[in-house]
Amino acid sequence: DGRLTFYPGNQTVDLPFINFMRRYGTVFLNAYTNSPICCPSRAAMWSGLFTHLTESWNNFKGLDPDYVTWMDLMEKYGYHTQKYGKLDYTSGHHSVSNRVEAWTRDVDFLLRQEGRPMVNLTGDRKHVRVMEADWRNTDKAVNWIKEEAVNFTQPFALYLGLNLPHPYPSPYAGENFGSSTFLTSPYWLEKVTYEAIKIPKWSSLSEMHPVDYYSSYTKNCTGEFTKQEVRNIRAFYYAMCAETDAMLGEIISALRDTGLLKKTIVIFTADHGELAMEHRQFYKMSMYEGSSHVPLLVMGPGIKKQQQVPNVVSLVDIYPTMLDIARIPVPQNLSGYSLIPLLCGKAENEASPRGPRPSWVLSEFHGCNVNSSIYMLRTGKWKYIAYSDGHSVLPQLFDLTADPDELTNVAIKFPVTVRSLDKILRSIVNYPKVSSSVKEYNKRQFISWKQSLGQNYSNVIANLRWHQDWLKEPKKYENAIDKWL
């Protein structure tokens, strides 16, 4: 959650290496994902293109494998390149459940798709390496810096992708479990200031926007939660962020130990945030700040120190920024704009040959846990959220200055603002048309999957992640799918 990297969010948990980057570099106060889910978000970051252009509609469908990423270009221009850890941009390694849930989101039924969010404490005060796979990848990156990078005569680009602070799989929810367990050890939990944790306000279920209600239901969050449960989920999430910060620290320390820190640009960001029980949801797949607002910190030679940038930026800006750093010509077809002018503290009129950076960012979502395509335009104090074809589902408008917790939809109160923001949105993306093509894609994919199963279809679909609900009335749900088809 990007809001943890600056005040007041950073009061809740000790993140020493994020703070180090703030002291010696630049923090972006309004950085957003272009799609709040793993694979489509990474597809945008690696390609520099909006989601409706990559057509990375869900967690299974990413970039074409032969797509030229910014790292491919850097390698072509003489950079030594290395990637470790989670990549997930050509295809998410996600279950059949994820796919089927995304394809059937237009079906008229409500089924819980996730395990109920919960916390789990492991180990003792000496247990530091909770997420072992991430630590192994961090060790590989550290060794690569100390044994390889230090000897290069040409420059290098190193990418380290972590799973944390993503919640862990929850085997208690059955074999096709979701990832709804917030897991940490007492070592990390001690870095969290419980008193500073805000308990989010919730609307009543009857007042929720229909798409929010669907999300909350499918994420198994419509039941009763005590304040203590909510506080714990948030605390454990922050503790997982502290463990992530320590991995960033390993990289910074390796660069310092090898004398490379002064001549290396370090970028820290994320594919999406975590709602951690805000708006009666956990996980991502939402345009609310907890899910769509990502961290973005940059430090290194030429980068302004102790700078806070208020401009709205997004992950598609990484591609032109990397090419700018490497002095490689930037393709003209990109959705993003280089961050270098902002990072160096230059005025916007010294902007790129493409003209000035726009005053808005776009995020969109077409995957599971949400029963409509969503489009978010963030500009100035406004966040405008449009759904589906633009009229069958009511839009949302939030004034983030007056209402940072996004509790009051003021779309009806400001019709002129809604019209003008909708006009800007339609000039960027013909969203009713995109929504319609996603619907067609989902139906096509589902039909071919169903045909591939033959006689096994009824059994397979009944036993996906939603099996606990489905098996109560299997015929009812199969009929709803037939009606949709």
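The structure this text deals with has already been given above.
Residue positions are given per chain, counting from 1 as you read along its sequence in written order. Where totals are concerned, whole chains, interfaces and linings use all residues; where local detail is concerned, this predicted model gives features only for residues with pLDDT of at least 70, and gives and counts side-chain atom pairs only at 80 or more. As a rule here, side-chain values cover all heavy atoms of the structure and leave hydrogens and water aside.

For the rest of this paragraph, the subject is the overall build of the protein chain. Numbered from the N terminus, helices here are DSSP runs of H or I no shorter than four residues, and strands are runs of E no shorter than two. Secondary structure summary: the protein chain contains 17 helices and 13 strands in total. The C-alpha radius of gyration computed for the protein chain amounts to 22 Å, which stays within 12% of the reference 23 Å derived for 485 residues, consistent with globular compactness. Taking the principal axes of its C-alpha atoms as reference, the protein chain extends roughly 65 × 55 × 50 Å. The cut-offs for exposure are 20% and 50% of the maximum accessible area for each residue type, with area from a 1.4 Å probe on protein chains only; residues under the lower value are buried, those over the upper are exposed, and the others partly exposed. Taking all 485 residues of the protein chain together, 57% fall into the buried category. We call two residues in contact when some of their heavy atoms are within 4.5 Å. For the protein chain, contacts bridging at least 24 residues in sequence account for 73% of all contacts bridging at least 6. We get accessible surface area from the Shrake-Rupley algorithm with a probe of 1.4 Å; when it comes to residues, only the shown protein chains can shield them. For the protein chain, the accessible surface area stands at approximately 20700 Å², while carbon and sulfur atoms represent 51% of it. Note on method: radius of gyration uses C-alpha positions; expected globular size equals 2.2 Å times residues raised to 0.38.

On to empty space enclosed by the protein. In this analysis the probe radius is 1.4 Å and the grid spacing 1 Å, with only protein atoms considered; a cavity is a set of points the probe fits into but cannot get out of, a pocket is an open set with protein on both sides within 12 Å along at least five of seven lines, and lining residues have an atom within 4 Å of a point. Grid points are joined across faces, edges and corners, and a volume is the space filled by probe spheres set on the points. Overall, the coordinates contain 4 cavities of 30 Å³ or more when judged by the stated rule. Its boundaries defined by the atoms lining it, the largest cavity holds a volume of some 70 Å³. Around the largest cavity, the lining is made up of 13 residues, and of these D212, S286, M287, I374 and Y387 lie nearest the centre. Looking at the lining of the largest cavity, the element that brings in the most residues is helix α8 (residues 210-218), giving 3 residues. Under the scheme applied, nonpolar residues are Ala, Val, Leu, Ile, Met, Phe, Trp, Tyr, Cys and Pro; charged residues are Asp, Glu, Lys and Arg; polar residues are all the others, including Gly. Across the lining of the largest cavity, the residue classes break down as 8 nonpolar, 4 polar and 1 charged. Approximately 40 Å³ is the volume attributed to the second largest cavity.

Below, the discussion takes up the environment of Y32. Mapped onto the elements, Y32 comes out in strand β1 (residues 25-32). Among the residues examined, Y32 registers a relative accessible area of 1% and is labelled buried. Along the primary structure Y32 and H272 are separated by 240 residues, whereas in three dimensions their C-alpha atoms are 7.8 Å apart. The contact partners of Y32, leaving out residues within four places of it in the chain, are E289, S292, H293, V294, V313, S314, L315, V361, M376, R378 and L400. What qualifies as a polar contact is a pair of N or O atoms within 3.5 Å, subject to a donor-acceptor requirement within protein and to the restriction that residues adjacent in sequence count only when both atoms come from side chains. In this structure the side chain of Y32 is engaged in a polar contact, spanning 2.7 Å, whose partner is the side chain of E289.

Next up on the list: the packing of aromatic side chains. A pair of Phe, Tyr and Trp rings is counted when the ring centres sit within 6.5 Å of each other, with Trp represented by its six-membered ring. The angle between the planes then sorts it: under 30 degrees is stacked, over 60 is edge-to-face, the rest tilted. Applying the stated rule across the entire model yields 24 aromatic pairs. Considering the side-chain rings of W202 and F225, the 6.2 Å spacing of their centres and the 85° angle between planes classify their relative orientation as edge-to-face. On the criterion of sequence distance, the pair formed by W202 in the loop between α7 (186-189) and α8 and F225 in the loop between α8 and α9 (227-257) is long-range, its members being 23 residues apart. Relative accessible area serves as the criterion here: at 26%, W202 is assigned to the partly exposed category. For the pair W470 and Y477, a centre-to-centre distance of 5.5 Å together with 40° between the ring planes defines the contact as tilted. For the residue pair W470 and Y477, the accessibility class agrees, reading buried in each case. The residue whose ring lies beneath K191 is Y187, and the NZ or CZ to ring-centre distance is 4.6 Å. Whether a charge sits over a ring depends on NZ of Lys or CZ of Arg being within 6 Å of the ring centre and within 35 degrees of the ring normal.

Our next topic: unusual backbone geometry. In this structure, P8 follows Y7 across a cis peptide bond, with omega equal to 0°. Along the polypeptide, P8 turns up in the segment before α1 (16-24). At the junction of L164 and P165, the peptide bond is cis and its omega measures out at 0° in the coordinates. Its location among the elements puts P165 in the loop between β4 (156-161) and β5 (181-184). The phi angle at N369 is positive, at roughly 65°, despite the residue not being glycine. Within the fold, N369 resides in the loop between β10 (360-365) and β11 (374-379).

In this section: α9. Along its 31 residues, α9 runs 45 Å from first to last C-alpha, staying within 8% of the 45 Å computed at 1.5 Å per residue. Buried residues dominate α9, accounting for 23 of its 31 residues. Phi turns positive one or two residues past the end of α9, at G259, with a value near 75°. Each helix should span, by expectation, one fewer than its residue count multiplied by 1.5 Å.

Bringing the layout of surface pockets into the picture now. Over the atoms rolls a probe the size of a water molecule, and in doing so it shows where empty space is left. Approximately 720 Å³ is the volume attributed to the second largest pocket. In terms of lining, the second largest pocket is formed by 27 residues, of which the most central are R3, P8, K198, P404 and D405. Contributions of two or more residues to the lining of the second largest pocket are made by β1 and α9.

Take helix α17 (residues 474-484) next. Of the residues making up α17, those classed as buried are Y477, E478, A480, I481 and W484. End-on view of α17: buried residues confined to an arc of 155°, all on one side of the axis. Away from its buried face, by an angle of more than 90 degrees, α17 presents the exposed residues K475 and K483. Summarising the contacts, the buried residues of α17 are in contact with α5 (96-103), α14 (431-453), α15 (457-462) and α16 (467-470). Working definition: the arc comes from the directions between the helix axis and the C-beta atoms, pointing outward to the latter.

Attention shifts here to the environment of F17. On the secondary structure map, F17 appears in helix α1. Residue F17 is classed as partly exposed on the basis of its relative accessible area of 24%. Remark: the alpha-carbon pair of F17 and K433, spanning 416 residues in sequence, is separated by 44 Å. In contact with F17, other than residues within four places in its own chain, are D245, L248, G249, I252 and S253.

Functional significance is not addressed by these values, which are geometric in nature.
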